[in-house]
Amino acid sequence: MNFNKEQSKKVYEFILKYNTDSEFKKSMQQLYDNDTYKLSILYIYALEEVLKYGKKGFFNKFLKTIGTYSEDQEADLYDGFIKLLSEDINFKRCKIQQFEESPDTLSSMEMFAFTLISNSNNQEEQNQEKVTDKLEYDSYNPILYSNDRQIRETLENLILGEFIHNILKLPCMESIRARQKDDGRIANIDKPFIIEKIQGTISDEKTISQFKQIIDSRFVKVKMDLLLGKGELAFEQYLKFNTNISSSEIFGIEDDYSATDMYNFFNDIIKKRKEQEFEKRKK
């Protein structure tokens, strides 16, 4: 490879650190194995051609993309392209759109970069599958509507599901979000934590009253659509919020408990909580 003086220095320093710093060596190997596109093409060269780590042949594939520019110029262009993708959201959005709609307009070097990115994404998906295969998951809540009680119960699950989906967007929920089998299908080991968070939020009469009002409002529309023969599609706009955490799990409602009496049930919960707080103060 015809590197310029500055590039040769970078390669030399990389090799020196790789051979003397075990933590650095391990991290570079992990990047090569899982996120190769995050490495400079100079480091890919050092790993494959000098240090003989990795047999994916990415550097040789890179050489085949070289066009009118010299090898050292193409190396700088590649590293600059990856840097822009990582740091400039508008540039990234534009290039992804170009890649999806008219890939023939991308240069050979840009297509090579997207190949590395695609390989990394596929590796992430494979790692995710390995994790989820070892965990247990309950099925999604069923969409039931044979009678008014089932309609309300389904609406309760979907309304709470919408809340759960919003909770999962929080940065602190990243690990739980990553362990989902499918969107909204939460690992059993994570369900108690989510349930506790929801129970802590629905803890006052105003919130519970609002919850009931939403159910009542949606019930009227869904019931009308069911009478028109739409079946499960009567819930269509809410189905994307379905999860495998049910209202009965959150509120401890027995199977024979009437969903139409939920407002009173919620008020009982609040009353008990107030009594418990009062007893604590007395002590």
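Just so it is clear, the structure is predicted and the values come from calculations on it, not from any experiment. Every chain begins its residue count from 1, and numbering advances along the sequence as written. Totals for whole chains, interfaces and linings use all residues, but because this is a predicted model, local features are given only for residues with pLDDT of at least 70 and pairs of side-chain atoms are given and counted only at 80 or more. Side-chain descriptors were evaluated using all non-hydrogen atoms of the structure, hydrogens and water having been removed beforehand.

### Remarks on the side chain of Asp72
- Tracing the sequence through the fold places Asp72 in helix H5 (residues 71–87).
- Three exposure classes are used, based on accessible area relative to the maximum for each residue type with a 1.4 Å probe and protein chains only: buried under 20%, partly exposed in between, and exposed over 50%. By the counting rule applied here, Lys and Arg register as positive and Asp and Glu as negative, while His and the ends of each chain are not counted. What makes a salt bridge here is a side-chain nitrogen of Lys or Arg within 4 Å of a carboxyl oxygen of Asp or Glu, nothing more. The buried charged residue Asp72 lacks any salt bridge, with Lys10 as its nearest oppositely charged partner at 12 Å.
- In this structure the side chain of Asp72 is engaged in a polar contact, spanning 2.4 Å, whose partner is the side chain of Ser70. Helical segments are the DSSP runs of H or I of at least four residues, strand segments are the runs of E of at least two, and each set is numbered from the N terminus. Polar contacts here mean pairs of N or O atoms no more than 3.5 Å apart (in protein, one a potential hydrogen donor and the other a potential acceptor; neighbouring residues in sequence count only if both atoms are side-chain atoms).

### A short note on the packing of aromatic side chains
- Aromatic pairing here means that ring centres of Phe, Tyr or Trp (its six-membered ring) are within 6.5 Å. Orientation follows from the plane angle: under 30 degrees is stacked, over 60 is edge-to-face, and everything else is tilted. Throughout the structure, instances matching the rule amount to 14 aromatic pairs.
- With 6.1 Å between their ring centres and 35 degrees between their planes, Phe59 and Phe62 make a pair best called tilted. Placement of both Phe59 and Phe62 in helix H4 (residues 58–63) is noted, with a separation of 3 residues, approximately one turn of the helix.
- Plain terms: the ring middles of Tyr78 and Phe112 are 5.7 Å apart, the flat faces sit at 50 degrees to each other, and that makes the pair tilted.

### Things to note about the environment of Lys240
- Within the fold, Lys240 resides in the loop between helix H11 (205–227) and helix H12 (247–251).
- Residue classification places Lys240 among the exposed residues on the basis of a relative accessible area of 58%.
- Separated by 78 residues in sequence, Lys240 and Glu162 have C-alpha atoms that sit 8.3 Å apart.

### A few points about helix H10 (residues 191–201)
- Looking at H10, one finds that the buried residues are Lys191, Ile194, Ile195 and Ile198. Along the axis of H10, the buried residues cluster in a sector spanning 100 degrees; they form a single face. In H10, the exposed positions that point more than 90 degrees away from the buried face belong to Pro192, Glu196 and Gly200.
- We call two residues in contact whenever any of their non-hydrogen atoms come within 4.5 Å of each other. Considering only its buried residues, H10 is in contact with helix H8 (148–168), helix H9 (174–178) and H12. Directions drawn from the helix axis to the C-beta atoms are what define this arc.

### As for the confidence of the model for the protein chain
- Think of pLDDT as the predictor's per-residue confidence, scored from 0 to 100. In the predicted model, the protein chain carries a mean pLDDT of 82, and 83% of its residues have values of at least 70.
- Low pLDDT, under 50, characterises residues 256–260; the predicted model gives this stretch 9 contacts beyond four residues in sequence or across chains.

### Description of the environment of Lys5
- Relative to the helices and strands, Lys5 resides in helix H1 (residues 5–20).
- A C-alpha to C-alpha distance of 9.8 Å links Lys5 and Asp72, two positions 67 residues apart in sequence.

### Comments concerning H1
- To estimate how far a helix should reach, multiply one less than its number of residues by 1.5 Å. End to end, H1 covers 23 Å across 16 residues, agreeing with the expected 22 Å (1.5 Å per residue, within 8%).
- At the N-terminal end of H1, a side-chain oxygen is found 3.2 Å from the backbone nitrogen of Glu6, two or three residues along, and the residue is Asn4.

### What to know about the nonpolar core
- To qualify as a nonpolar core, a set must consist of buried Ala, Val, Leu, Ile, Met, Phe, Trp, Tyr and Cys residues joined through side-chain atoms within 4.5 Å. With 31 residues, the main nonpolar core has Phe14, Ile41, Phe62 and Tyr78 as its most contacted residues.
- Counting residues per element, the ones that place at least two in this core are H1, helix H2 (22–34), helix H3 (41–50), H4, H5 and helix H7 (108–133).
- Each residue touching Tyr78, except ones within four places of it in the same chain, is listed here: Tyr37, Leu39, Ile41, Phe62, Met109, Phe112, Ala113 and Leu116.
- Grouped together as the second largest cluster of nonpolar side chains are 18 residues, Leu168, Met173, Ile202 and Phe211 included.

### Some points on the environment of Glu48
- Checked against the element boundaries, Glu48 lands in helix H3.
- As a C-alpha pair, Glu48 and Tyr32 span 16 residues in sequence and 9.7 Å in three-dimensional space.
- Excluding its chain neighbours within four sequence positions, the residues that come into contact with Glu48 are Tyr32, Tyr53, Gly54, Lys56, Gly57, Phe58 and Phe59.
- Looking at Glu48, its side chain comes within polar contact range of the main-chain nitrogen of Gly57, at 3.2 Å.

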